[in-house]
Amino acid sequence: MKPLMLQGHERAITQIKYNREGDLLFSSAKDNAPNVWFSLNGERLGSYLGHQGVVWCLDVNWETTRFLTGAGDNSMRLWDVSNGKEIGKVTTGSSVRTCAFSYSANTAVMSTDKQMKFNCEIYIIDVRNADASLEHQDPIMRIPVDGSKVTSILWGPLDETVISGHENGKITMWDLKMGKEVHSVQDHSGSINDLQFSKDGTQFISASKDCTAKLFDTDTLELLKTYKTERPVNSAALSPIMDHVVLGGGQEAMEVTTTSTRVGKFDARFFHLIFEEEFGRVKGHFGPINSLAFHPDGKSYASGGEDGFTRVHTFDPSYYEYQFDF
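Residues numbered from 1 in each chain as written. Predicted model: local features only at pLDDT ≥ 70, side-chain atom pairs only at ≥ 80, totals over all residues. Heavy atoms only, no water.

- Under an unreviewed UniProt entry, the name given to the chain is Eukaryotic translation initiation factor 3 subunit I, and the organism recorded is Frankliniella fusca.
- Under the Subcellular location (unreviewed entry) heading, UniProt states for the chain: "Cytoplasm".
- Per UniProt, the chain has the following entry under Subunit (unreviewed entry): "Component of the eukaryotic translation initiation factor 3 (eIF-3) complex." (UniProt positions renumbered as here; feature names shortened; annotations may be inferred.)

1. Concerning the pattern of salt bridges
(1) Moving on: In total, this model carries 13 salt bridges according to the counting rule given.
(2) Moving on: A salt bridge links Glu160 to Lys177, with the nearest nitrogen and oxygen atoms 3.9 Å apart. Separated by 17 residues along the polypeptide, Glu160 in the loop between β14 (150–155) and β15 (161–166) and Lys177 in the loop between β16 (171–175) and β17 (180–185) bring together distant segments of the chain.
(3) Moving on: By relative accessible area, which is 70% here, Lys177 ends up exposed.
(4) Moving on: For Arg269, the salt bridge is made with Glu230, and the minimal N-O distance between the two is 3.0 Å. Taken as a pair, Arg269 in strand β24 (residues 268–272) and Glu230 in the loop between β21 (223–228) and β22 (233–238) lie far apart in primary sequence, 39 residues in all.
(5) Moving on: Among the residues examined, Glu230 registers a relative accessible area of 41% and is labelled partly exposed. (Salt bridge = Lys/Arg side-chain N within 4 Å of Asp/Glu carboxyl O. Helix = DSSP H or I, 4+ residues; strand = E, 2+ residues; numbered from the N terminus. Buried < 20%, exposed > 50% of the residue type's maximum accessible area, 1.4 Å probe, protein only.)

2. Here we look at unusual backbone geometry
(1) Moving on: With a phi angle near 60°, Asn74 is a residue other than glycine that sits in the positive phi range.
(2) Moving on: Residue position: Asn74 is located in the loop between β7 (66–71) and β8 (75–80).
(3) Moving on: Here Leu158, not a glycine, exhibits a phi torsion of approximately 60°, which is positive.
(4) Moving on: Positionally, Leu158 belongs in the loop between β14 and β15.

3. Regarding the environment of His295
(1) Moving on: Note that His295 resides in the loop between β26 (289–294) and β27 (300–305).
(2) Moving on: Beyond its immediate sequence surroundings of up to four residues, His295 is in contact with Tyr18, Glu21, Gly22, Ser39, Pro240, Ser300 and Tyr301. (Contact = heavy atoms within 4.5 Å.)

4. With respect to the pairing of β22
(1) Moving on: Taken across its six residues, β22 has six buried, putting it largely inside the fold.
(2) Moving on: Here β22 pairs with strand β23 (residues 244–249) via five bridges, running antiparallel. Bridge assignment links Leu238 to a residue of β23, and that residue is Val245.
(3) Moving on: Counting the residues between successive antiparallel strands, the hairpin from β22 to β23 contains five residues. (Pairing = 2+ DSSP bridges.)

5. Side note on the nonpolar core
Most often, soluble globular proteins have nonpolar side chains that are buried together.
(1) Moving on: Ranked by size, the top nonpolar core spans 16 residues in total, and within it Leu68, Met76, Phe101, Met110, Ile125 and Val127 carry the most contacts.
(2) Moving on: For this core, the elements supplying multiple residues, two or more each, are β8, β10 (96–101), β11 (107–112) and β12 (121–126).
(3) Moving on: With three residues, the single largest contributor to this core is β10.
(4) Moving on: If we skip the residues at most four places from it in the chain, Leu68 touches Cys57, Leu58, Asp59, Met76, Arg77, Leu78, Cys99, Ala100, Phe101 and Ala108. (Core = buried A, V, L, I, M, F, W, Y, C linked by side-chain atoms within 4.5 Å.)

6. Here we look at the side chain of Ser148
(1) Moving on: Summarising the element assignment, Ser148 is placed in the loop between β13 (141–144) and β14.
(2) Moving on: One polar contact links the side chain of Ser148 to the main-chain amide nitrogen of Glu167, over a distance of 3.1 Å.
(3) Moving on: In this structure the side chain of Ser148 is engaged in a polar contact, spanning 2.9 Å, whose partner is the backbone nitrogen of Asn168.
(4) Moving on: Leaving out residues up to four positions away in the same chain, Ser148 has contacts with His166, Glu167 and Asn168. (Polar contact = N/O pair within 3.5 Å; in protein donor to acceptor, adjacent residues only side chain to side chain.)

In structure tokens form, the structure reads like this:
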């Protein structure tokens, strides 16, 4: 399994994401230029230039025509995927921590950090016919978030709800018709670093600083499975074709210099979805893994690390032959 190494960022990767077809891989990092790559051969197509700070989050719509980024320069920007031009931007009072297109991509959600005198808020924005005037339009809805700030976000089924993960480990479901919280669970004890859906959207997996990843039901937020490791989990992804979960993390970035790579455990770990048992590891990064994504066809996966590299691994035939004994 010789990985493709994508070197396009000077600083730590914050998020990576495939488009729906899986031919493109988008990456954002703590430098100010998100990149887009061909996932097949690792060739860089281009960068989206315009942000002035850390790009924390990104999303791409169903048709791969629009691309969304949120950054530490207090703005969320909407880009044209094909030519890298900025379509519009939304400015906020504090840095944008999460952003996501709805399924239809008519609307987008984003959340801001709790900074200075600004509170954490969830914005719902209409991006149907977005242009330069987007900056002066009011969002459809602003939901103030009391207590712990939002660290990751997903759209619920039929774009009627939004599911947010918080710094204190809480997962909350917000009803957008009423604009308020309808349900929340506190199954994690540490900050939630990542939420990702299964292929059909009926379940999602959360990665947390409390060294676990957990599988939840999308409608009821019922806890289904728990995957335990001994290091903080920064990202977790579900395979679209197998009952497999990949977890990535490692110790805190600031403590990395004091240990060897072997002790740091910066490997991607594969767990069985049902049995919660680890069955494989993939080494490679020399810093914690910050973001993971499965290719939509399930035949490869990508990981982005604190070392600024994105690695794309294509699975060997033996991966598909591996059967769990039960």
